Structures are given as structure tokens and as C-alpha cells.
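# Structure assessment
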4 protein chains.
Amino acid sequence: MATKYKKKIFNDPIYGFISTPYESILKVIDHPYFQRLRRIKQLGLTHMVYPGALHTRFHHAMGCTHLMKQAIETLRSNGHEITEEEAEGVILAILLHDIGHGPFSHALEHSIVKGMHHEDLSEVFMHELNKEFDGMLDTAIAIFKNEYPKHFLHQLVSSQLDMDRLDYLKRDSFYTGVSEGVVSNQRIIKMLDIVNDELVIVDKGIYSIEKFIVARRLMYWQVYLHKTVISAEFMLVRVLERAKELAKKEIELFCSPALRFFLYQNVGKEDFQREEVIKAFASLDDYDILGAIKVWMDHSDQILSTLSTMIINRQLLKVKVSKHPFTDVELLSEKEKFMDRTGMTLAETDYFVFADHMENNAYNPSSDTINILFKNGKVMDISEASDNLNIQALTQTVRKYYLCYPAH
Amino acid sequence: MATKYKKKIFNDPIYGFISTPYESILKVIDHPYFQRLRRIKQLGLTHMVYPGALHTRFHHAMGCTHLMKQAIETLRSNGHEITEEEAEGVILAILLHDIGHGPFSHALEHSIVKGMHHEDLSEVFMHELNKEFDGMLDTAIAIFKNEYPKHFLHQLVSSQLDMDRLDYLKRDSFYTGVSEGVVSNQRIIKMLDIVNDELVIVDKGIYSIEKFIVARRLMYWQVYLHKTVISAEFMLVRVLERAKELAKKEIELFCSPALRFFLYQNVGKEDFQREEVIKAFASLDDYDILGAIKVWMDHSDQILSTLSTMIINRQLLKVKVSKHPFTDVELLSEKEKFMDRTGMTLAETDYFVFADHMENNAYNPSSDTINILFKNGKVMDISEASDNLNIQALTQTVRKYYLCYPAH
Amino acid sequence: MATKYKKKIFNDPIYGFISTPYESILKVIDHPYFQRLRRIKQLGLTHMVYPGALHTRFHHAMGCTHLMKQAIETLRSNGHEITEEEAEGVILAILLHDIGHGPFSHALEHSIVKGMHHEDLSEVFMHELNKEFDGMLDTAIAIFKNEYPKHFLHQLVSSQLDMDRLDYLKRDSFYTGVSEGVVSNQRIIKMLDIVNDELVIVDKGIYSIEKFIVARRLMYWQVYLHKTVISAEFMLVRVLERAKELAKKEIELFCSPALRFFLYQNVGKEDFQREEVIKAFASLDDYDILGAIKVWMDHSDQILSTLSTMIINRQLLKVKVSKHPFTDVELLSEKEKFMDRTGMTLAETDYFVFADHMENNAYNPSSDTINILFKNGKVMDISEASDNLNIQALTQTVRKYYLCYPAH
Amino acid sequence: MATKYKKKIFNDPIYGFISTPYESILKVIDHPYFQRLRRIKQLGLTHMVYPGALHTRFHHAMGCTHLMKQAIETLRSNGHEITEEEAEGVILAILLHDIGHGPFSHALEHSIVKGMHHEDLSEVFMHELNKEFDGMLDTAIAIFKNEYPKHFLHQLVSSQLDMDRLDYLKRDSFYTGVSEGVVSNQRIIKMLDIVNDELVIVDKGIYSIEKFIVARRLMYWQVYLHKTVISAEFMLVRVLERAKELAKKEIELFCSPALRFFLYQNVGKEDFQREEVIKAFASLDDYDILGAIKVWMDHSDQILSTLSTMIINRQLLKVKVSKHPFTDVELLSEKEKFMDRTGMTLAETDYFVFADHMENNAYNPSSDTINILFKNGKVMDISEASDNLNIQALTQTVRKYYLCYPAH
């Protein structure tokens, strides 16, 4: 399949073994930018609720390449041409699709690196690596940016049925132990085909797709939007916001140089064109963030130290969940209870009592669709094709409202 | 937990080990009526599509007792009293709930033992065993028939969330290899509680119930009502009907004495009060049916031999599936093609070309409901409680129509 | 990979999906000779001890092709040429390696088809099929008989590390639920290489080989030679021997035509050149044997009916196991107890009280060896290469002696 | 089973769900000393070779309680009395058996906290917690220290077959993906019994024990002593030694206050009687160590920065392994090559080129033995009882020698 070189095999509790069919893949993996993903957990603080959820973005990216190889094999055996160069490119593209993730992405993007999204950063990092590797990633980048002629290659990297989702649903469900999220990746991939340069699923795979959509939705409610996970994440935003405020006032905080860079400076989206900023960001990982918060437990600022202690010792805020927004009265009532008890000001109380919301739709037919190929050659969107599950119902966005407050 | 006796442990690929906490359980298992379930496959001819689906009613019944023990443990630890006698009774009841199954139940009930349902037969067999074991099954029978004061014990044996369903969904999905059907039994059982003598699920188990309902529905379409499985089963009905007809004409057929009993006599529901009939039925298993069909491949009656050969060599009828009934014209058109090709009469053609339908609703709120217990003490039916999946949609009955016809 | 044709995918609880890369494979699978393997359990009566062990020779043969495809892929990616024709041939060879198995092979070979071994029969069947398929199996047969120039292809089909063993150890351990037998097939296959036309394992796979040898040995003691399994199998030999004796005396026995052929005639090894004998043998499966024994429970011959009843109702003979042969005195003592209790003659008693032995060595270095390839290019037999486990000890044959006798 | 309180259930990818039967267990888990185990990986840097091996000491300790509950249930059902107080005590004892572990224990004990072993520290921490919880841990501590009258309770916590080993072998094999290490915990536990206050295994569990010993040995070679894992660990010792040397010279190093405490002071075993030392140690976790090393990559000391960079970017030292010690000549030769290339002094070279050894025996009959109980009442050590595997061979200590050196 590939030029002969010293392949490596990675053990994976899920797929058994993941091999590296091209030398370029091993080169990318060995780069510090990629090795850094070993220190960034895929699910942030989710392990506080599901103690097994410690898997990293490194392992997820590796898993994606494994599925991509299977997808290539299926499509080729269905008679579609994928050249070796394209195969290498699309595997590199999926390997690197998340390279722009920082630690606790959601929390960081809402606190100290506001406005910067990991998708944009992944592109920045890919270009950096491409320079270093003398254009080795040209095809991968074209596929990633959807500028490559064969559109379906991009869909394998980024669409409602890409290898990213297939791996993370399986991986997250495996490591959390939430067996309800288990998806039959292998079967879905075997059902892939291409019609008019678009990925489709052959009709007998329709049940697996239905199950995939349901599983994704359940994983949202049971894991990704689990109220205690959300509480931990909201608290992380708060503690980083507080640190940023203190930094603005030139108050000294223990932190690594990389974290210092983002706390004591204002870094916006536009700054990520500067080499120095990219380097600093590339040094950030879970260790910088949690390592600092651990030390902040003893900081003289009461808000910082209290929030830090609560996170580290897992004394998380309680959460009420509702289908309807919480009223100002409800929110104020919780705030007053807290102020009475602690003597904090209303401004300080905002760090401990707050309302927010989250939403989710398992399948979004208005964006990229999942298309089913019937034996008669017709192609139909899954939400129309299924007379089984009420996929229509699943396309409704469900929004949930959270009210966080201290235990007593 | 139990009186000290020589316990036995059964290996189970699914649960690891299944133990037999009461001596009465071992006594029942060792009885020929129960041992006979070793020779009756849980899923009939499904293994023709899913080659792993060879598991027996014996193993399923054992698996149910395993789950029942866990359910008892959970309910007790939630503070509900279940005496040792009741525990023993409810385990025996689930162990015996399917004892009345004959081989290929659906096909037999539609051909040579018309009108007799396995539920009724299970009761007949339980009474037989109870006589033999001097009343050892009194409590079990009361629970099974819903005549025992604690209603929830009956629900553990027979309801929309009984241990029967929890085991068979898991077991069937395991052995078919259809991982989409995997259900988190362990979690559902841990969420059981009792309110006003009714089984409920505590609210944080709601996602698992949703998944359970979805999984059940998918297993229906992907396994239980799989068109090729249905084809095999319809063909089995036809071959047994044909044999019965020939028997009526006193034509000699190879068959075991037990099968002869039902082929050469007319046995109706009312006959099952006679000892002789029960004994004959208790001798029937997969070996009688398939053993005869194998020999019928060489019978002089062309219809019998053709159908037998097709089943044994897995040359099954093709199937068209539709959401709407097939018209008489469509059916006749297929029949004519077949008559032209084979020279058979229209009456003979009915054995090879026919239309039928199947239906399924994953959750039926009009019968027994699955109730969710909320923290505030309110109990609500799952189809109302869930704001997540469209359970409402799932409660719609879906009917599919089949048109079976030979390959060419 | 293959010419475009209507591929089929088989579900497998172990590997997920098994595909059929060549049309020839599907042709063979669809043949009645192969379909017949659906009705022959891989482990005979072992399910009486491990109720999950119901898997068939059909599924095992399919599983072997799956592993073979992986082995081909590994060897090719290591730079070894395997043409498409050779790939197809070696997959067909492993698919058919067990086609000669009858039901309960061991018992049959020791009772009614004495002296005929399934290996020889596999060759007979392959030639039959090859005639029918116009030479389609030429390469497969050459590989199977070790007459093909590339010797390593034969080793993939038959050696101490062939795909047969890799599949059956995994499959038997999976279905029995004896997790101790689990072997990392995937890893072993990834470690395959070829030196001088001989299969070798690269050195870092050495631990997996050690584990494989240990697992095989443990499966022997815990499953294949489990004393109750052995008891059931010995009893099956006895009941068939008794039936044969009665048949010789022209006493009428219920049986299928195929079984009748072998009971009422003397069929020896040399007879398997006759078409008629092959056809009869090809009709035999588990249903003929157990279907007859079920009916024999009511036969007037007391020995036949007693043995039949014991087997069907699982009232098996007790077994004593020893490292040393049982003495004539011990045997006679048990026989006398039985004669006193039942009034049977000594000759009759031989059917119920008898001694026998079994032996096993996990690895046999004197036959075909497992060779390890070291980084420096040296190749060494595993029993020398391992400084870890005492493989030497494992190569010792261990023999166990059994004394069977009725329960009371 | 327990007093009614608000139980919690923890998800576990291995066992499904782990419940907390006593309130005391939840109290201990919620304590910061125990929460801290969430930040200490069970296998240190092993994830550099096996990327899935990120599981924490927290999850392992939870897993042990799960197995302990099963062991208690088995022993009780065999008629042995274990009071509720004892059950609670032995579960607490296993929950806390590893509470004294710091991050990267082996490396720390060989560098900055020399001479302090985690077993001793566990006792220190238990006493601390016992004070805080007013004697709640009295029984647990007595069992842990083997001062409780029923000796077998201690054996469940600490012996060659304790719940610690049963969990870690399974857990480590699960997360590394090294399926060869899989052990049938459930079966071993079901085979437990007690004779004369000593834990024994009933004889039919003998194969599982053999497999357990073999699996343990294989896990040693394939995971615990894997040469690249060893290399990473040796490098960690070196970098911490270097940091300690620099600290002695008052050179400033980035580090958390807790790490500073141990780097800039000399802390010996005797110091662990001081509250301040315990507190500092209780603040240390993986984040302190790796967080510092990440920053040291830019330190002006070339040895510190080079070693740090190699660890963080996974550019590990190469390793030669041998059954015999490396000679001084071999070692010097590698050193000289390195000095030539880098211009470093011999003293500096010691950080990059060094020899060491590791040893392992899978079963040590001279310490605590694993005893097998035969049906005749005889109890025998496994190494004598097994006529199957050569357990004798496994009791031999195997020593391997390592020579570490940079890649080029």
C-alpha cells in the first residue's frame, strides 16, 4: 500500500492496533505540535463525572486515521478511484483536523483567548507544519479547506458523517463507560459510497445511521451537556476570567510562561498571525491550566482561591436544569441566599451564582445532509428517507437552561 | 443469601457467570422439560441471516435469572422488602416464563399447532412441574399469573420493562452481532424503584430508557423483521402446512414420533389438557422439525421437496418490502411469471408466491407503561416525561408489507 | 481488490463483519456441501457444559477467511508478493479446510465411520467441488496439499500458527465464555513475516506467541478436555456403537436415511471413493444424530434407551480424573457396584463404566515449529527463543486418565 | 445491605458501574487527599508507549472496592461470617491502600523523596484521615496493618491474590490495549474460600490462577518493564536529580510551591512525621512534575533543558536489552560516542548514557503463597498443585539489563 519504511503500530483499546501507512504520518506525529495533543484531554473536565474519560486529542486523532483507512478501502473496493497521494492527503487532513485545539477549548475561548476558534487555529498550525515539511501537506490542506477537486474527500474529514464524529462518539462512549453511545463505525463505513462526488450511505445502512443520530443525541444529554460536567466547565470559565481580571490589575499569579502570555496580555484573533503568539499557544496544555489552578487555591484573592479549591477538590456548584429560562427573580433569590451566607458583594456573587443555557440538535438537515442511496439510484436525505424513527423530531433543536449555585 | 447447597455456576459469554442461588432453581433446570430448551433456538431461523444467532431458550432463561437477582438486590437496597421466599419465587417465575415455547414457535403456531400460544403453555408446564415438585412453584405461579399481592414482582416478570426483554434484547444483539441493539441492562436495573407497588425508573435513568426503546425498535427492523428472516419463517410455515395436508391424505412422511403426533392428528388448544398431548409437545424441538425437513428434500411430492430443499440449502424466496399493501395485480403478476416458468398450478403457486405483513411499535403506552419517578415524587409515563427523543413518534405502529417470490 | 461483483457481508459477533472479496468464495459458500456446515456445531456436545458453545463449523470457516485476508495484507505490506490468484486460492483453501467434518467428528470416527479422518474427507470434498466448478479450486487444492511452490501459503492454512488455530481458539473462548483463552489474533497477524519461504514472527511478537501457546493449553484443559465434555463425548460413542450392534442384528432403529446408510452398512475408508458414500456422508449433520438419539430414548433395548435418555436429559456419567492410569481393580470395583445396583451383565456394564485417557501438548517442536525472526536476521524456534516462559515445559505431553461411571 | 443514605454510582468502562455501599466510603472519596488521586496516573509515563494508559489511581482504587464487594459476597455465600463492620472496614482498607502514592512514585522515590515508600505513606495518610473522621477508619487500619483477628481480611487487601492485583492487571491491560493481560477476575473471585482463616482457591479455579500468574508475567515484560517505558522512567529520574542538584546550588527553577518544598529542601523518611511535610506531599501530583518539566525545556542549564525537551517531545533514549550485564567497555564506548558528538563532559554524559537492570518473578512462593483447596480437604501451594503449567519455572526470577543512550 505504501512505500516501505519503518512503520509504527499504536495500541488502541478500541480498535486494537492503529498503523501508520505513510512516512509523512509518522513525521507529523513526532512533531512537538502534535505530541502536545498527548497533554490535552478530549473531554476537558468530564472525567470529574465519568472518571474514565481521560483520553486525549492525540488518541482521537490517531483513531480518526484508522477509520479513514477503512473508508478509503471501502470506497476503492466500490470502484471509486482514490490515488495514493489522495489517500495520504486525506489521512493527514483528518490527523490534523484538531491540531488547533488548546486545553479546555470551550473554557479558554470564553475567557482568555476570546474569539479564537480551534478550526481556524488548525489551519494556522497546518500551514506552519507545511512550511517546515516543505509542502508535504499541500494536498491535506486543500482537502481540509474544501479546495480539492474531489469534494467527497473533504466530506470524509468534515461533514455530518465524517471520520471525526465516528471516532469521537465511539471513543467518548467507550471511555466514559456510557454504553448507550456505542455506534457501529465499522458497519457505517462499510455502507459508504459516492454519487456525483458526494458521500452517500447505501440504503441497507439506514438503521445504522438512525442509530448514529440517536446515539449522538443521547451522548449530548448524558455526557457532553451533563449538568455536572457543564457546572465544572462554567466554573473553569469563571476562574480564568477572575485570573485575567487580577492580571489586568498587575496582581501576581502563579503560572507557566505560556499561560502568563495569555493572562497578562490581551490576545485577540488577529494576533494569531504572529509567530510568537502561535508558539505560546502551542505550549499551552492541560498542565498549564490545572497546574496554575492548583496553586491558586492558596491565593489571597478570595474569589480566585475559592473557585480554584472548588474545582480541584471537586466541590462543584449545584445545577438546576429546566426547559424554560430561569427568571431574574429565581436567580436573584439564589444570589441573595449566597450573599447572606458569605457576606460577598453582588459582583462577587456573579462568580458563584449564574444562569446559562445549552442547546443541541442531533441532526441538522439545513447544513450538510446525510444522504441515503436507494437501489433504484435515488438519493434522499435521511430525515426524509427514514420511515422508521422520527428523524424529523430529532432535527428539532432542544435547548436546556441551567442555574448554577453553591451547595449551601 | 440462600440455604447452603451445592450451587452450580454457568458460564455466559454475556454476563460472565450465572449462579443458581436456590436449590429449587437447579431442580427445575435439571428437569427434562427445561433441558429441552437447550434444543430450541431463541431466534428460530434467524441464524440463516446472522450466523451467530444460535443461542437457545435455555441460555436466555438462565440470563433472565441473572438480571432478576440484580433487580432484587437493587430494590432491597432501596429499602423495599422482598422476602427470601418472594425472591426465590420471582426468580423461578422468570426462569419458567418461556418453558411453553416449542421449536420455531411462530411457524408452529401458524401451521401444525394452530391457536396454541406459548404463554398459555408455559402455565400448563408450570403446573405440571409444580405437581411433580410438590408445590415448590406455588409462589412462582402466583407471581407469573399476577395473582400475588405484590404486583411489582409480576412486573419484573412481565411488563414493558421486564427482565425477559432486558435479557433478550441484549442477548439477541450480542449473538447476531448487531451492536446497535446493545442496551445497558445493568444501568436500567440500577435505576429501578417502586412507588405504590408499581415498578418505576428514577429520573436520571430516563436516557437509558429512551435508548432501550430505540434499540428495541431498531432490533425489530434489523433482526426480528429482517426481510430474509421473515422469508425463511414464512417458508417454514408453508412447508409444515404442506406436510400437514399430505398427512391428512395419509401420505407417508419421515418424522419423529412427536412430530408425527401433531402432523397426523388435529391438535387444538383444548387438547392441551390431556397428558398425552403435553408429553408429545414436550418432546418436540428444533431437531424434530429440521431433521424431518432435511429428509423431505427427497420426498416425491414436488412442493414439499422443493420447499424443503430451498430451506435447507438456504435458497430462500426473494422479498419485496413496502409501506403500502401489495395489490392483487402485483401479486398475480409474480404468480404468473412463476407458473409460466414452472408449469405449476395456481394453488401450488401459493406456496411460493404470497403477500403478508408485519408490524411493530417500539413502545405501547396504551398497555403497561414505563413510569419515570422524578425527584419531586411525581411519576410520569416515559412518553410524556421525555422532552428529548420523540417517544411519541416511537409509539406509532409501523406496518410493513412483504411480497415473497422465487429468485428466478 | 477484487473484480466487481455483488459482495456479501456476514455479521460476526467476534470480528464485526466478514466480507467475501471474491465471487468464487460466495459460490462455495452457497453450495449445499458448505451450507451443511451450518448444521454442524464446532464443539459437538461441549454446550452441555458451556451453554454458549453452539457456534458452527460454518462460522468458524468464515472467520478463518477474515483472518487470512488480514494475513495477506500484512505480508504484502511487508513487501512479499502474493498475486490475486494466490490470495484467492489461499482464502478458498482455508474456507474449505474443514469441509470434510461430519457431525460430532470424534465420536463418529470412533463408532460408525471408523478410520475415516476429516482431513482426508476435506480433500475428497474439495475435488468434488472443483469438478463442479470447472477447476476453480485448482490453486486452493495445491496450497491445501502443500504442492504449491510458495510453501508459506500452505503454512497459513496448516501449521502451528495457521489461521485455523487463530480463529478457533478465539471463537471457542468467546462462545464458551472462558475468557482465559482469549488470544490477540490481530497482533499475531501483524507480526507475521516470511524468511526463505517460511512464515516467521518478528521478535517483538514473542510475548503474544507465548500467550498463544499458554492459552491453547489452558483451553485444552478447561474446555476441550473438560471432564464432563469428555464424558458426554464418550457416551455418544457408546450409544452409536450400541446402535451399530443392534443394526447388525437387523433390529429396527429410528433414523434418517443418511444415518441408516452408515448404521446398517459397514463403511470403511476405502468406500469414500464411491459417489454414493460421499453423498450420504454429505447429508449427515447434528440433526441426524441427535434427532435419532432423542427417539431412541423409547427404544426397547435397555442399553440404547438408557444411554440415549442420559445424553438427552443431561444425566451424564460421573468422571474421575487422574495423572496415572486407573487399575483394573478400580475399574472392576465400579463395575461391580453398578452390576449390583442394576442387575446388568458385565458386557452391558461396559457401556456405562469404562476407563480411557486423553493427552495434550500445547506446543510440539518436533513437528512444524513456530519461528521467531530477530532484528539481526537470526531465526530461532520459539521454545529456544523465549527466555521468559518455560516453553520447554509446555512442550511436554501431559496425559490424563478418566474413569467414567454412573452417578449412583 | 447498608444503612440508607444517598448512594453514588460511578461509571467504569471495565465493570460498568461501581456503587458506594457505605456512607463512609463516600466521605473518604470526597476528601481532598483522595480526590488528589484523580491527578495521578496509575502507570506514570507508560502512556508514551501505550497512549490509552491514562487511567488514574482514583479509578483503580474505586475498582478495587468493586471487586472487594464481590469477594465479600462470595465468602458470605460460602458460609463464612463477615459482619457489616468488617465488610465496611475491608472495603475502606482497599480503597485507601494506595492513598500514599505520589506522582510517578518510582521516579520520585529514586530522586527527590528518597527512601520514602508509598506503603508507609498510605498508613500515614490513613491515620490522618482517621483523626479527621473520628475513628471511622479504625477497623480498616487494623485490617490494613494485619492486626485484625480475621487474617483473611488482610489477605483480601494485600497478598499474592489481593483485590489490588486483580484490579490493576485487568485495568492496566484494558487501558493499554494489551489484551494478553486479561484476567478473569470474576471467576477467580467466585472460586475464593477460607480454610483456617486463610484465603484459598477451590480446585476447579486452578486454571484461572495459572492464567493469572502467566498474565501477570506477560504484563511485566510487555508493559511494566517495556524498554521504552523504562527509558522514559529513567529519564524522569535523571531530570529530577538534575533539578535537585541545581536547587542545591540555589539556581532558580520554575516549580509549584509543593514541588519547590521537595526540591529546595532535603526531605527524608523521618520528616514525614511533620504535618507540613505531609501537607506538601499531599499537594503533589502529575501536574506539578510535568508542568515544571515543560517549563524547564527553556532553562539555561543545558542538561536540564535537553532532558526536559526529550521527555516532553517524546524523543526518548534508545535502549538495548540483554540477559547479561553490559560491560564497562560497552558502556564507555557509548559514552564516548556521545561525548564526541556533543562535547559534553563525562559527568554530564552520565545523564544520557547509563546502564541499569530490572527483574521480575511472576509468582513468589517464598513469600505469601496461593493455596488451592482440593475436594478431599487438602490444601496445596499452586506451584505444587499444578501439573499443568510449569509454575516452578515461573517462580524463577528473570533479570533484564538495560543500556540507555541517545538516538544519534
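Residues numbered from 1 in each chain as written. Chains lettered and ligands numbered in written order. Predicted model: local features only at pLDDT ≥ 70, side-chain atom pairs only at ≥ 80, totals over all residues.

The name an unreviewed UniProt entry assigns to chain A is HD domain-containing protein, from the organism Parvicella tangerina.

This paragraph deals with the overall build of chain A. Counting its secondary structure elements, chain A contains 20 helices and 9 strands. On C-alpha atoms alone, chain A measures out to a radius of gyration of 23 Å, which is about the 22 Å that the 2.2 N^0.38 rule sets for 408 residues. Projecting the C-alpha coordinates of chain A onto the three principal axes gives extents of approximately 70 × 50 × 35 Å. Residues classed as buried in chain A amount to 52% of the 408 residues present. Sequence-distant contacts in chain A: of pairs separated by 6 or more residues, those separated by 24 or more amount to 69%. (Helix = DSSP H or I, 4+ residues; strand = E, 2+ residues; numbered from the N terminus. Rg over C-alpha atoms; globule rule 2.2 N^0.38 Å. Buried ≥ 20, exposed ≤ 12 C-beta atoms within 10 Å, placed from the backbone. Contact = placed C-beta atoms within 7 Å.)

Residue and element names in this part refer to chain C. With mixed pairing, the 4 strands of this open sheet are ordered in space as β3-β4-β7-β8. Looking at strand neighbours, the two that pair on one side only are β3 (192–195) and β8 (379–381), the edges of this open sheet. Pairwise comparison of adjacent strand axes, ignoring direction, gives a mean angle of 45° for this sheet. (Pairing = 2+ DSSP bridges. Axes fitted to C-alpha atoms, helices over the stretch in contact; angles between N-to-C directions.)

Quick look at the interface of chain A and chain D now. Reports often express the size of an interface as the amount of accessible area lost when the parts come together. Chain A puts 31 residues into the contact, and the matching count from chain D is 31 residues. Elements with a contribution of two residues or more to the side of chain A that touches chain D: β1 (9–12), α2 (32–35), α3 (57–77), α9 (163–176) and α15 (286–296) of chain A. A per-class count over the side of chain A that touches chain D returns 15 nonpolar, 12 polar and 4 charged. (Nonpolar A, V, L, I, M, F, W, Y, C, P; charged D, E, K, R; others polar.)

Glancing now at the interface of chain D and chain B. Taken together, the contact between chain D and chain B spans 10 residues of the former and 10 residues of the latter. When contributions to the side of chain D that touches chain B are tallied by element, the ones reaching two or more residues are β2 (16–19) and α10 (185–190) of chain D. When residues of the side of chain D that touches chain B are assigned to their parent elements, the largest contribution, 3 residues, is made by α10 of chain D. Here the residues of the side of chain D that touches chain B are counted per class, giving 3 nonpolar, 4 polar and 3 charged.

Relative to chain B, chain D is turned by 180° and slid 0.0 Å along the rotation axis, the superposed coordinates differing by an RMSD of 0.0 Å. On this basis, the relationship between the two copies can be described by a two-fold rotation axis. Take the interface residues of chain D: 100% of them recur as interface residues in chain B, which is what a same-surface contact looks like. (Least-squares fit on C-alpha atoms with pLDDT ≥ 70 in both.)

Residues and elements named next belong to chain D. A sheet is described by the order of its strands in space; here 3 strands give the open sequence β5-β9-β6, paired in antiparallel fashion. Each edge of the open sheet carries a strand with a single partner, namely β5 (318–322) and β6 (354–360). Neighbour to neighbour, the strand axes of the sheet diverge by 25° on average, direction disregarded. For β6 and strand β9 (residues 398–405), the ladder comprises 7 bridges, and the chain directions are antiparallel. Paired with M358 across the bridge in β9 is K400. The strands touched by helix α12 (residues 227–248) are β5, β6 and β9; relative to β5, the strand with the most contacts, the crossing angle is about 120°.

Residues and elements named next belong to chain A. Where α9 meets helix α11 (residues 206–224), the closest approach of the two axes is 11 Å, and the angle between their N-to-C directions is 45°. What the angle tells us is that α9 and α11 run oblique. Considering how the two elements wind past one another, α9 and α11 form a crossing that is left-handed. For the pair formed by α9 and α11, the contact residues are L169, D172, S173 and T176 on the first element and A215, R216, M219 and V223 on the second. (Parallel < 35°, antiparallel > 145°, perpendicular 65-115°, else oblique. Left-handed = near helix turned anticlockwise from the far one by under 90°.)

Our focus in this paragraph is the relation of the copies chain A and chain D. Comparison of the two chain copies shows a relationship of rotation about an axis with a shift along it. In the superposition of chain A on chain D (RMSD 0.0 Å, axial shift 0.0 Å), the rotation amounts to 180°. An overlap of 100% is found between the interface residues of chain A and their copies at the interface of chain D, pointing to a shared contact surface.

Further remarks concern α15 of chain A. Of all 11 residues in α15 of chain A, 11 are buried, a share of seventy percent or more. When α15 of chain A is considered as a whole, its buried residues turn out to be D286, Y287, D288, I289, L290, G291, A292, I293, K294, V295 and W296 of chain A.

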